[in-house]
Number of protein chains: 2
Amino acid sequence: MKDYIKIPMDIEKRSFQIIGDEMGTHKFNEEELKIIKRVIHTTADFEYKDLVYIREGAIAEAQNILKKGTSIYTDTNMALSGINKKALNDLGCRVICYVSEPEVAKIAVERGITRSMAAVEKAVEDGVEFFVFGNAPTALFKLKELILEGKSKAKFIVGTPIGFVGAAESKEEIEKLDMPMITVRGRKGGSTVAAAIVNALMYMLVER
Amino acid sequence: MKDYIKIPMDIEKRSFQIIGDEMGTHKFNEEELKIIKRVIHTTADFEYKDLVYIREGAIAEAQNILKKGTSIYTDTNMALSGINKKALNDLGCRVICYVSEPEVAKIAVERGITRSMAAVEKAVEDGVEFFVFGNAPTALFKLKELILEGKSKAKFIVGTPIGFVGAAESKEEIEKLDMPMITVRGRKGGSTVAAAIVNALMYMLVER
């Protein structure tokens, strides 16, 4: 068996070098590039270079919210798991996800909606400003409704639901809102991508 | 805003229909196809049709282990999060991950190895038979070493580390072992893919 690199930060550094070498020309600024590269690092898929959409001013706004110590709402426990806990802690932030709560499941059954929808309603009631959706198109549709109704305090959205039914449409819909966001266009995305975007935003603010 | 499908099982069913329609011809049997489709469902990436490697007899062996109620070891908490808890419970199985344990972090620092390697050593000491690696090439290398030294009771491996440094090599190395396994060739894979494979194996055994 060949010898192999055993130091995680060395592995990550070398990975980012390879990604930079292979991704070719681009128009990203330095901060955008950190997000794009981390998404490619997470997926081993260079197609994300053309799929990630970063709205102008979104990085600065996300970081303003992170710097004051916020509650980040995620649509799945998997996205929650992927967000770096040390960086969160250093920023005084926390991650929350309501989708597995019995109360949310009960509401979803009673009203014939998805648990993701019931969970996002609860997060909106809590006054969450920073939303992360890696999986659930229905949650993104629901958040848009609540924003249009003036009920939500959402100030920044990571919208990367993945899949074949509703995912692409949910991201098209959310992009119609005039507010800071980062999305992945089309069918691709997912909870690992959502977490990678949040981590990239945090890693620009804290030492690692 | 258009009306949208709100019932999760309807969304999944329709997604699998679309995947079947778009994936074209293939040589998979019915059980293999369930795994391939679930991986594509999780990634929105049809390339996995050509990347997932299912060793002959691997599905039957994995299911034999699952049916007796086993401890599934995962290399990351993200893979652990993605594995369906209801199906696990119905099978009398559980998921474990040691990578965030302080004791494991301490051993890793002392010996200059990754936490993933220290964690897999602990799982091997525990006598784990069912291993799932979605992220850490070093853990897969380490498990191979322990198997060759006759120390491990591993009977089935999901090996889908993702990335640019060591991932593809770790999967090539593990494939040289003559034992039941499911891997993803090349750079792609990840914790969502690893969880999808485990879920597909479980969903063939339990009602949903």
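Quantities reported herein were computed from a predicted structural model and do not represent experimental measurements.

A. Region of the structure containing the overall build of chain A. The number of helices and strands found in chain A is 11 helices and 6 strands. Taken against the 2.2 N^0.38 rule, which gives 17 Å for 208 residues, the C-alpha radius of gyration of chain A at 17 Å falls within 12% of a compact globule. By its C-alpha atoms, chain A is 55 × 35 × 30 Å across when sized along the principal axes. Looking at chain A as a whole, 61% of its 208 residues are labelled buried. Here the analysis covers contacts within chain A between residues at least 6 apart in sequence; of these, 64% occur between residues at least 24 apart. Taken as two groups, the 30 positive and 30 negative side-chain charges of chain A have centres that lie 2 Å from each other.

B. Layout of the pairing of strand β2 (residues 71–74) of chain B. Residue and element names in this part refer to chain B. Where β2 meets strand β3 (residues 94–96), 3 bridges bridge the pair, whose relative direction is parallel. Opposite isoleucine 72, over in β3, you have valine 95 as the bridge partner. Inspection of the sheet shows β2 paired to strand β4 (residues 130–133) by 3 bridges, in the parallel sense. Bridge assignment links threonine 74 to a residue of β4, and that residue is valine 132.

C. Structural context of the interface of chain A and chain B. Opposite the 46 residues of chain A that make contact, chain B presents 46 residues. Between chain A and chain B we count 4 salt bridges in total. For the salt bridge of A:Lys188 with B:Asp45, the shortest nitrogen-to-oxygen distance reads 3.9 Å. Where chain A touches chain B, the interface holds 3 residue pairs in polar contact (both at pLDDT 80 or more). Of all the secondary structure elements, the ones that give two or more residues to the side of chain A that touches chain B are α1 (8–23), α2 (30–43), α5 (77–82), α9 (137–148), α10 (167–175) and α11 (191–203) of chain A. Per-element tally for the side of chain A that touches chain B: the top contributor is α1(A), with 7 residues. A per-class count over the side of chain A that touches chain B returns 21 nonpolar, 13 polar and 12 charged.

D. The arrangement of the sheet that holds strand β1 (residues 52–54) of chain A in detail. All names here are of chain A. Across the sheet, 6 strands lie side by side as β1-β6-β5-β4-β2-β3; this open sheet has mixed pairing. Strand pairing shows two members of the sheet lacking a second neighbour, β1 and β3 (94–96), which therefore form its edges. Taking the axes of each pair of neighbouring strands and ignoring which way they run, one obtains an average angle of 15° across the sheet. Packing against the sheet, α2 makes contact with β1 and β6 (181–184), and its axis sits at approximately 155° to β1.

E. Representation of the packing of aromatic side chains within the structure. Counted according to the given criterion, the structure contains 10 aromatic pairs over all chains. Between A:Phe46 and B:Phe164, the aromatic rings sit 5.8 Å apart at their centres with planes inclined by 75°, giving edge-to-face as the arrangement. Note that A:Phe46 is positioned in the loop between α2 and α3 (48–51) and B:Phe164 in the loop between β5 (156–159) and α10 (167–175), a pairing that runs across two chains. Joined through ring pairs, the aromatic side chains of A:Tyr73, A:Tyr98, A:Phe131 and A:Phe133 make up one cluster. A:Lys122 extends its terminal NZ or CZ atom over the ring of A:Tyr98, reaching a point 4.3 Å from the ring centre.

Reading the values: the criteria
Residues numbered from 1 in each chain as written. Chains lettered and ligands numbered in written order. Predicted model: local features only at pLDDT ≥ 70, side-chain atom pairs only at ≥ 80, totals over all residues. Heavy atoms only, no water. Helix = DSSP H or I, 4+ residues; strand = E, 2+ residues; numbered from the N terminus. Rg over C-alpha atoms; globule rule 2.2 N^0.38 Å. Buried < 20%, exposed > 50% of the residue type's maximum accessible area, 1.4 Å probe, protein only. Contact = heavy atoms within 4.5 Å. Lys, Arg positive; Asp, Glu negative; His and termini not counted. Charge placed at Lys NZ, Arg CZ, Asp CG, Glu CD. Pairing = 2+ DSSP bridges. Salt bridge = Lys/Arg side-chain N within 4 Å of Asp/Glu carboxyl O. Polar contact = N/O pair within 3.5 Å; in protein donor to acceptor, adjacent residues only side chain to side chain. Nonpolar A, V, L, I, M, F, W, Y, C, P; charged D, E, K, R; others polar. Axes fitted to C-alpha atoms, helices over the stretch in contact; angles between N-to-C directions. Phe/Tyr/Trp six-rings, centres within 6.5 Å; stacked < 30°, edge-to-face > 60°. Lys NZ or Arg CZ within 6 Å of the ring centre and 35° of its normal.

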